[in-house]
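Summary of the model geometry
Next come the chains, spelled out residue by residue.
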Amino acid sequence: MQFRLIRVVLGNEACDLDSTISACIYAYFLHSTCETPDEILHLPILNTHASIFRLRHEILWFLKENPSNLIFIDDINLDELFEKDKLEIILVDHHVLRSKLNKKVIEIIDHHQIKENSILLKEKCAADTTGMSVQDLLQKDVKQVVGPNLRLAVSSLPSDYTVEKLIGQLHTMNDLDEFLTKNDNADAVIMLSLETNSNQPKRQLGFYAKKFENMLPINEYIQRSEHNLDLRERGIPINQARLKLFEQNNAKASRKEILPVIEQFAKDFVPQNSS
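Read on for an overview of the structure.

Examining the side chain of asparagine 250
Summarising the element assignment, asparagine 250 is placed in the loop between β10 (243-248) and α10 (255-268). Judged by relative accessible area, asparagine 250 falls into the buried class, the value being 19%. Looking at asparagine 250, its side chain comes within polar contact range of the main-chain oxygen of asparagine 228, at 2.6 Å.

Brief notes about the pattern of salt bridges
Opposite charge on two side chains permits pairing when their charged atoms draw close. Summed over the entire model, instances satisfying the criterion amount to 13 salt bridges. Of the charged contacts in the structure, one is a salt bridge between lysine 100 and glutamate 83, with a shortest N-O distance of 2.8 Å. Here lysine 100 is found in the loop between β3 (87-92) and β4 (105-109), whereas its partner glutamate 83 is found in helix α4 (residues 78-83), with 17 residues between them in sequence. On the basis of relative accessibility, which here comes to 34%, the residue lysine 100 falls in the partly exposed class. The shortest N-O distance in the salt bridge between glutamate 164 and arginine 234 comes to 2.7 Å. Note that glutamate 164 is positioned in helix α7 (residues 163-168) and arginine 234 in strand β9 (residues 231-234), a separation of 70 residues in sequence. On the basis of relative accessibility, which here comes to 23%, the residue arginine 234 falls in the partly exposed class. Overlapping salt bridges bring together Glu164, Arg234 and Glu247 as one network.

Side note on the sheet that holds strand β2 (residues 40-45)
If you walk across this open sheet you meet the four strands as β2-β1-β3-β4, and the pairing is parallel. Looking at which strands have only one partner, the edges of the open sheet turn out to be β2 and β4. For this sheet, the mean inter-axis angle between neighbouring strands, taken without regard to orientation, is 20 degrees. Strand contacts of helix α1 (residues 17-33): β1 (5-10), β2, β3 and β4, with the helix running at about 170 degrees to β2, the strand carrying the most contacts.

Quick notes on the sheet that holds strand β6 (residues 151-156)
Strand order across the open sheet formed by six strands is β5-β6-β7-β8-β10-β9, with mixed pairing between neighbours. Strands with a single pairing partner mark the edges of an open sheet, and in this sheet they are β5 (142-146) and β9. Each adjacent strand pair in this sheet contributes to an overall mean axis angle of 25 degrees, direction not counted. One ladder, built from five bridges, connects β6 with strand β7 (residues 188-195); its direction is parallel. What sits directly across from leucine 152, in β7, is alanine 188. Against the sheet, helix α9 (residues 212-222) touches β6, β7, β8 (202-209), β9 and β10, its axis set at about 155 degrees to β8.

Description of helix α8 (residues 174-182)
Taken residue by residue, α8 has Leu176, Phe179 and Leu180 as its buried positions. Buried residues of α8 fall within an arc of 95 degrees about the axis and therefore sit on the same side. Check the buried side of α8 and you find it contacts α6 (134-139), β5, β6, β7, β8 and β10. Looking one or two residues beyond α8, the residue adopting positive phi is aspartate 184, at roughly 60 degrees.

A few points about unusual backbone geometry
Positive phi outside glycine occurs at cysteine 15, with the angle close to 50 degrees. Even without a glycine there, the phi angle at aspartate 85 is positive, about 55 degrees. Looking at the element boundaries, aspartate 85 is found in the loop between α4 and β3. In this structure aspartate 85 comes out as exposed when scored by relative accessible area, which is 55%.

Some points on the packing of α9 against α10
The interhelical angle for the contact between α9 and α10, taken along N-to-C directions, is 140 degrees, at an axis separation of 11 Å. Considered as vectors, α9 and α10 are oriented oblique to each other. The handedness of the crossing between α9 and α10 comes out as right-handed. Judged by residue contacts, Pro217, Ile218, Tyr221 and Ile222 of α9 engage Val261, Ile262, Gln264 and Phe265 from α10. Classifying every residue of the contact of α9 with α10 gives seven nonpolar, one polar and no charged.

Remarks on the packing of aromatic side chains
One pass over the structure, following the stated rule, counts five aromatic pairs. For the ring pair tyrosine 26 and phenylalanine 29, a centre distance of 6.1 Å and an interplane angle of 15 degrees mean the geometry is stacked. Taken together, the residues tyrosine 26 and phenylalanine 29, both in helix α1 and three residues apart, mark about one turn of the helix. What makes phenylalanine 29 partly exposed here is its relative accessible area of 45%. Relative to phenylalanine 269, the ring of phenylalanine 265 lies with its centre 5.7 Å away and its plane at 50 degrees, an arrangement referred to as tilted. Pair check on accessibility: phenylalanine 265 and phenylalanine 269 agree, each one buried. By the ring-pair criterion, three or more aromatic residues cluster together here, those being Tyr221, Phe265 and Phe269. A cation sits over an aromatic face here: lysine 104 above phenylalanine 82, 5.5 Å from the ring centre.

The rules behind each value
- Residues numbered from 1 in each chain as written.
- Predicted model: local features only at pLDDT ≥ 70, side-chain atom pairs only at ≥ 80, totals over all residues.
- Heavy atoms only, no water.
- Helix = DSSP H or I, 4+ residues; strand = E, 2+ residues; numbered from the N terminus.
- Buried < 20%, exposed > 50% of the residue type's maximum accessible area, 1.4 Å probe, protein only.
- Polar contact = N/O pair within 3.5 Å; in protein donor to acceptor, adjacent residues only side chain to side chain.
- Salt bridge = Lys/Arg side-chain N within 4 Å of Asp/Glu carboxyl O.
- Pairing = 2+ DSSP bridges.
- Axes fitted to C-alpha atoms, helices over the stretch in contact; angles between N-to-C directions.
- Contact = heavy atoms within 4.5 Å.
- Arc of directions from axis to C-beta.
- Parallel < 35°, antiparallel > 145°, perpendicular 65-115°, else oblique.
- Left-handed = near helix turned anticlockwise from the far one by under 90°.
- Nonpolar A, V, L, I, M, F, W, Y, C, P; charged D, E, K, R; others polar.
- Phe/Tyr/Trp six-rings, centres within 6.5 Å; stacked < 30°, edge-to-face > 60°.
- Lys NZ or Arg CZ within 6 Å of the ring centre and 35° of its normal.

In structure tokens form, the structure reads like this:
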């Protein structure tokens, strides 16, 4: 059957449980209520690669489906549909695409405001990290931030798996360098963790930059008081000047609050050797 239009329902690039389920349910609703189902195909697309989806343990458990029944972002050529003017996109749980495809967005279902008392509860979820490598831990929940001169990966580690613990697993920087290479050759990774085992939730923030000259501006920017993260630098068990670890004393600042800070940094970043 040849459809006149492919209407894609696309979750966020973290491909977390709420984003995935929202995309599947909304696409099914649109398909069920469409007056011209022979002309318009509604597809839920998981915004990750099939090779990475194995890390989404909670989604696999919830769906109880063979991943072969799911459609991933690399299973469909959206650029080709764009060029043929046969594409429309609905975003759920995010609000922008960093490509020409953003021109095809016709609807956005997203939430921004989170009640203060809900910030920590929203992220409290048990995570099975058995057998996961350093790269798996970083890849499980990653978002990319892209500026004119800088590409950053922002990784939220599984619940109660601290940045300090991840750094303790490193013997060389090869795992971090390979992770950056696999993520479109990113220049640095920002690592975030939330620990809820104690009565007082604790957050840590760390980062690693491939180039020392990029590390210095990130280090200075992220610690500015105006960002209200209240960072306190910690020592690390490995001699590496491009790797930093901080206790984040403002535990209410989740990734949703930190991302705009990182996005502004990437937008304004100018390499030190630029004239």
